[in-house]
Amino acid sequence: MSEPAKTYKAAVLTAQGTPPTFTIQSLPLPQPGPHEVLVRLRLTSLCGTDCSQAAGHLGATRPVLGHEGVGEIAALGSHVAALFTSLSSFPSSSSTDTSAPLALGQRVGVAWTRDACGTCAYCTTLHHDGETRCVRRPHSGQACDGTFAQYTLVPARYLLRIPADRFGAVPDELVAPVLCGGVTAYKALKTLGSAAGGGQLSPGQWIAVSGASGGVGAFAVAFGRAMGYRVIAVDAGRDKGEYALQEGAEHYVDITGDEANQQDGGGVASAVKALTGVDKLGVAAVIVCAGAAAAYQSAVEMLAPFGTLMCVGIPPPEGVFSLHPLQFIGGGVRVMGSSVGTRRDTLEALEFVSRGLVTPAVQWAELKDMERLMDHVVAGKVRGKYVINLDKV
Ligand SMILES: [Zn+2]
Ligand SMILES: [Zn+2]
């Protein structure tokens, strides 16, 4: 492997706002600290959360956003090989230089969670996979620079390795979208069916995905289908329906359509319930991927007895919705939230891609067009995920 260059290109956020502004800049190559590795990123995809960060909805950010990056290890910090023996012995998938340390060239993912302190109340609650909620909030674009760049630093203790023997045949453009959008959808579904989530969901049951054509929603439809659930997709606009059905939904409910607005006067929720078999009792779970309070409000009404509302999409701070205690007391409903996934969850989600059960829809894009790309994502104009080749910056 050749020596890393002295500088690298990145899309730098020059002003937060709506719209935000970016410029492509050359930045000095960082040196890995004793416990870090330098990653040469090859490809990144764009997540809706990047747009929220750029708009300023999530507070102050680092200059470089992005958290769906794929690349390979380019250099090790001075203590890494001694502390992490698996790194010094891990076979390289691409290096032909036999004198180089074997870890160089190892394919890795760089996602939202960039580290875990290992000691806080979240990190130490292992049965809830608490590391993704680490109290230090070590997130891409917040605590450290993200993946809209050709290089980034990663703590060796929190590397997300993508082993060549399991995923060598999956191209970067199908790996990257899974690192946040895909694993977030997968984790929400996995939790609903797991002991930690009450285990109340079983294959064959109806679920609804609200915001079904978005970056996470489309994955929730596809993973839901692949995991054996019967999926009703909900979104705004007739044109979104074709995409949702293509991703694996059995039905599509357009919240702007006549069906949703006439059904017994009950709106979207009645339209969804009417699709759930002879009893029309509702769905066992709604995964709300839309970041709108109205989506949450109608989702509550879609639930069958003992149904679960799974919160994933993040509305703006004023985006609250109301619940009456009787919905819990009489209806036995539950409300849960899910946030990204662990490194293990990510590899599990990638197995679905590797087996051809879930195939991320992607559109190629360029880093220099970040302002326009974000505009399209915010406006819901993109079908699938934008993927950016970082070698062509
Ligand atoms: Zn922690
Ligand atoms: Zn994301």
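The protein chain goes by Zinc-binding dehydrogenase in an unreviewed UniProt entry, where it is assigned to Coniella lustricola. Under Cofactor (unreviewed entry), UniProt gives the following word-for-word description of the protein chain: "Zn(2+)". Here the protein chain is described in UniProt, under the heading Sequence similarities (unreviewed entry), as follows: "Belongs to the zinc-containing alcohol dehydrogenase family."

Peer 1: Give a description of the pairing of strand β5 (residues 107-110) that names residues and reports values.
Peer 2: Put simply, side chains in a regular strand alternate between the two faces of the sheet. Both faces of β5 are covered, namely the face carrying Arg107 and Gly109 and the face carrying Val108 and Val110. The pairing of strand β4 (residues 69-76) with β5 spans four bridges and is classified as antiparallel. Bridging across to β5, Val70 finds its partner in Gly109. Here β5 pairs with strand β7 (residues 160-161) via two bridges, running antiparallel. Looking across to β7, one finds that Val108 is bridged to Arg161.

Peer 1: Let's hear about the sheet that holds strand β9 (residues 230-235): which residues, and what values?
Peer 2: What the six strands build is an open sheet, ordered β10-β9-β8-β11-β12-β13; its pairing is parallel. Each edge of the open sheet is held by one strand with a lone partner, namely β10 (251-254) and β13 (334-337). Strand-to-strand twist across the sheet, computed as the mean angle between neighbouring axes with direction ignored, equals 20°. Bridging between strand β8 (residues 206-210) and strand β11 (residues 283-288) involves four bridges; their strand directions are parallel. Across the sheet, Ala208 pairs through a bridge with Val286, a residue of β11. Relative to the sheet, helix α6 (residues 181-193) contacts β11, β12 (303-311) and β13, its axis offset from that of β12 by approximately 145°. In the packing of helix α11 (residues 293-302) onto the sheet, the strands contacted are β8, β11 and β12, and the crossing angle to β11 comes to about 170°.

Procedures and definitions
- Residues numbered from 1 in each chain as written.
- Chains lettered and ligands numbered in written order.
- Predicted model: local features only at pLDDT ≥ 70, side-chain atom pairs only at ≥ 80, totals over all residues.
- UniProt positions renumbered as here; feature names shortened; annotations may be inferred.
- Buried ≥ 20, exposed ≤ 12 C-beta atoms within 10 Å, placed from the backbone.
- Helix = DSSP H or I, 4+ residues; strand = E, 2+ residues; numbered from the N terminus.
- Pairing = 2+ DSSP bridges.
- Axes fitted to C-alpha atoms, helices over the stretch in contact; angles between N-to-C directions.
- Contact = placed C-beta atoms within 7 Å.

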